[in-house]
Amino acid sequence: MELRQLQYFVAVVEEAGFTRAAARLHLAQPGISAQIRQLERELGQPLLDRSGRSVTPTEVGRALLPYARAALAAVEGARQVADEFGGLLRGRVTIGVLSGAAVHEFDLAAVLAAFHERHPRIEVAVTEDSSERMLDALREGALDLALIGLADEEPPAGVSLQVLIDEPLVAAVAPGDPLVALAADTDDGDVPLEALRDRPVISLPRGTGSRGVLERACARAGFRPRVVFEAADPRFLGQLAARGLGVAAVPRLPEDLASALGLRILAFGEPRPRARVALAWRSDGPTGPAAGALLERLRTELAAGAGAGAGADATEAG
């Protein structure tokens with residue numbers, strides 16, 4: 001019995017046919033058929049039922065299938081261990097990214113490119129989603145790592161964090177907005193959060209950390225924000241505010257963008273709601289060496305990039 005025979009057998013079962021299995025393995029179909037027949041002769045039992053339109057495992061084949069998969073997984077695990085000690089990792093890592101964070105706050109593409117150059121056999125899958133759904137995916141094991149926005153001061157249960165950005169939410173408004181005159185009348189130039197009561201508010205979507213922070217702060221002030229526009233990109237929210245469509249309650253906007261749009265950026269009074277972005281992973285650690293290597297790279301490079309770009313104080317909680 002050879003490992004390749006088990007590999008071919010598993011592929012045929014999973015693809016329900018020899019043609020699709022051959023395409024998946026990039027091999028010729030006759031060679032796969034011959035190897036599986038040799039395996040059947042060696043075991044003295046038919047493993048596949050070839051009589052129907054699709055190929056299905058026999059009773060013996062169904063019993064053999066978990067052992068075949070376990071044998072292949074064991075061999076792959078041995079290879080990963082050897083590669084790890086040899087400095088050559090392989091595997092697959094899934095990372096979730098808060099919409100907009102990969103482009104506007106971090107040069108994630110540069111970090112992943114450098115990581116790929118160092119570990120060319122590691123496949124990295126990147127997806128964008130809301131912070132709430134990514135936290136659930138982390139706990140369930142569907143994600144290895146995630147860049148999320150934090151709505152609460154305490155880290156979520158079962159998740160460890162490295163805070164990369166921690167900055168106050170601000171009010172971005174058109175020059176003629178009433179909040180500009182209100183801020184001018186205060187001693188410190190800030191506006192109270194209560195000034196958003198009954199005002200149209202422009203915000204990041206539900207499920208994002210910044211939106212959760214805003215809603216909790218308004219609830220403590222005794223009202224619910226009237227959100228009339230929401231979008232994942234703070235830049236677009238700033239454009240809406242510049243048109244006089246409402247008050248954009250957002251994290252820091254790039255100075256060049258605010259200047260180009262003619263926006264006035266106003267600070268909220270104490271206690272200022274804060275927007276925080278963090279790198280998150282399960283508290284029991286990454287699922288394998290590949291995820292661990294990417295986590296180490298991200299913790300170093302994203303913290304440095306965020307600190308240079310936003311004056312962030314990277315801290316860890318877990």
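Residues numbered from 1 in each chain as written. Predicted model: local features only at pLDDT ≥ 70, side-chain atom pairs only at ≥ 80, totals over all residues. Heavy atoms only, no water.

*Asks:* Can you explain the overall build of the chain? Please cite residues and give values.
*Replies:* Helices and strands together make up the secondary structure of the chain, namely 12 helices and 13 strands. Counting all 318 residues of the chain, 44% fall into the buried class. Considering only contacts in the chain between residues 6 or more positions apart, those separated by 24 or more positions represent 72%. Within the structure as shown, the chain displays about 16,000 Å² of accessible surface, and the carbon and sulfur contribution to it stands at 51%. (Helix = DSSP H or I, 4+ residues; strand = E, 2+ residues; numbered from the N terminus. Buried < 20%, exposed > 50% of the residue type's maximum accessible area, 1.4 Å probe, protein only. Contact = heavy atoms within 4.5 Å. Areas by Shrake-Rupley, 256 points an atom, 1.4 Å probe, with all protein chains shown as cover.)

*Asks:* Give me the lowdown on the confidence of the model for the chain, citing residues and values where you can.
*Replies:* In this model, the chain carries an average pLDDT of 85, and 90% of its residues clear a pLDDT of 70 or more. Predicted confidence in the chain is weakest over strand β13 (residues 315-317), with a mean pLDDT of 49, and strongest over strand β8 (residues 200-203), with 95. Confidence drops under a pLDDT of 50 for residues 307-315, and excluding neighbours within four residues, the segment shows 16 contacts in the predicted structure. (pLDDT = per-residue confidence, 0-100.)

*Asks:* So what's going on with helix α10 (residues 234-242)? Which residues, and what values?
*Replies:* For α10, the set of buried residues is Pro234, Leu237, Gly238, Leu240 and Ala241. The arc that holds the buried residues of α10, viewed along the axis, is 160°, so those residues lie on one side. Taken together, the buried residues of α10 touch β7 (170-173), β8, β9 (226-230), β10 (247-250) and α11 (255-261). The residue sitting at the N-terminus of α10 and contributing the capping side-chain oxygen is Asp233; that oxygen lies 3.0 Å from the backbone nitrogen of Arg235. (Arc of directions from axis to C-beta. Polar contact = N/O pair within 3.5 Å; in protein donor to acceptor, adjacent residues only side chain to side chain.)

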